Amino acid sequence: MENSVYSMEILYSGKYESWEFEDRQKRDEFYQKVVKQFDGQKVKGQEEDVEDTQIVQLSSNNVEIKEDGKYDQDTSYEWFEYDIFSQMLDFINKEYDKLDKLKK
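Structural notes, computed from the coordinates. As the structure is a computational prediction, the values presented were derived from the model and not from experiment.

Definitions and cut-offs
- Residues numbered from 1 in each chain as written.
- Predicted model: local features only at pLDDT ≥ 70, side-chain atom pairs only at ≥ 80, totals over all residues.
- Heavy atoms only, no water.
- Helix = DSSP H or I, 4+ residues; strand = E, 2+ residues; numbered from the N terminus.
- Buried < 20%, exposed > 50% of the residue type's maximum accessible area, 1.4 Å probe, protein only.
- Polar contact = N/O pair within 3.5 Å; in protein donor to acceptor, adjacent residues only side chain to side chain.
- Contact = heavy atoms within 4.5 Å.
- Pairing = 2+ DSSP bridges.
- Salt bridge = Lys/Arg side-chain N within 4 Å of Asp/Glu carboxyl O.
- Axes fitted to C-alpha atoms, helices over the stretch in contact; angles between N-to-C directions.
- Phe/Tyr/Trp six-rings, centres within 6.5 Å; stacked < 30°, edge-to-face > 60°.

Checked against the element boundaries, Asn-62 lands in strand S3 (residues 55–65). With a relative accessible area of 2%, Asn-62 lands in the buried category. Engagement of the side chain of Asn-62 in a polar contact is seen with the side chain of Arg-27, the distance being 2.7 Å. Side chain to side chain, Asn-62 and Asp-74 meet in a polar contact 2.8 Å long. Contacts of Asn-62, omitting those with residues within four sequence positions, involve Val-5, Tyr-6, Arg-24, Arg-27, Asp-72, Gln-73 and Asp-74.

Dropping the structure here:
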């Protein structure tokens, strides 16, 4: 029996928030909605040595835990201008709450 975790995270200067989704498709759709909303603030040319105070990282994470305790993980991410952290966080929380209410 395998367990899977599908999540989305936002990281900025040590601040971190995470949201879990029941399946990969719903998470992927939500992730793309956020990327599209903030497309104009994407950082062009993601460099590995950029200070985390200069960017907001939005990532999607897939973890599949196998019966033997081993796991497979893949992550994709986008970087955005640092000054949209609060705006992006508010947008994600509002949209995630809408999804949560639809489940009930």
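A word on the pairing of strand S1 (residues 3–12). Across nine bridges, S1 lies against S3 in antiparallel orientation. Residue pairing for S3: Ser-4 is matched across the bridge by Glu-64. Relative to strand S2 (residues 15–21), S1 is paired through seven bridges, and the arrangement is antiparallel. Along S2, the bridge assignment pairs Leu-11 with Tyr-16. Turn length for the S1-S2 hairpin, with the two strands adjacent in sequence and antiparallel, is two residues, and the turn residue Ser-13 shows positive phi of about 45°.

This part covers the pattern of salt bridges. Proximity of charged atoms lets side chains of opposite charge pair with each other. On inspection of all chains with the given rule, the structure shows nine salt bridges. The partner of Asp-74 in a salt bridge is Arg-24, and the shortest N-O contact between them spans 3.6 Å. Of this pair, Asp-74 sits in strand S4 (residues 71–81) while Arg-24 sits in helix H1 (residues 24–37), placing them 50 residues apart in sequence. Taken together, the salt bridges that share partners define one network made up of Arg-24, Arg-27, Asp-28 and Asp-74.

Overall, antiparallel pairing links the four strands, which are arranged S2-S1-S3-S4 in an open sheet. Across the chains shown, the open sheet's two edge strands, defined by having one partner strand only, are S2 and S4. Across the sheet, the mean angle from the axis of one strand to that of its neighbour is 20°, orientation sign disregarded. Along the sheet, H1 contacts S1, S2, S3 and S4; its crossing angle with S3, the most-contacted strand, is approximately 175°.

Right, let's get into the packing of aromatic side chains. Within the structure shown, the criterion is met by six aromatic pairs. With a centroid separation of 5.4 Å and an interplanar angle of 90°, the aromatic rings of Phe-21 and Tyr-96 are classed as edge-to-face. Residue Phe-21 is found in strand S2, and its partner Tyr-96 is found in helix H2 (residues 85–103); the two are separated by 75 residues along the sequence. Overall, Phe-21 belongs to the buried group, its relative accessible area being 10%. Ring pairs connect the aromatic residues Phe-21, Phe-30 and Tyr-96, which therefore count as one cluster.

Worth remembering: the numbers are spatial, not functional.
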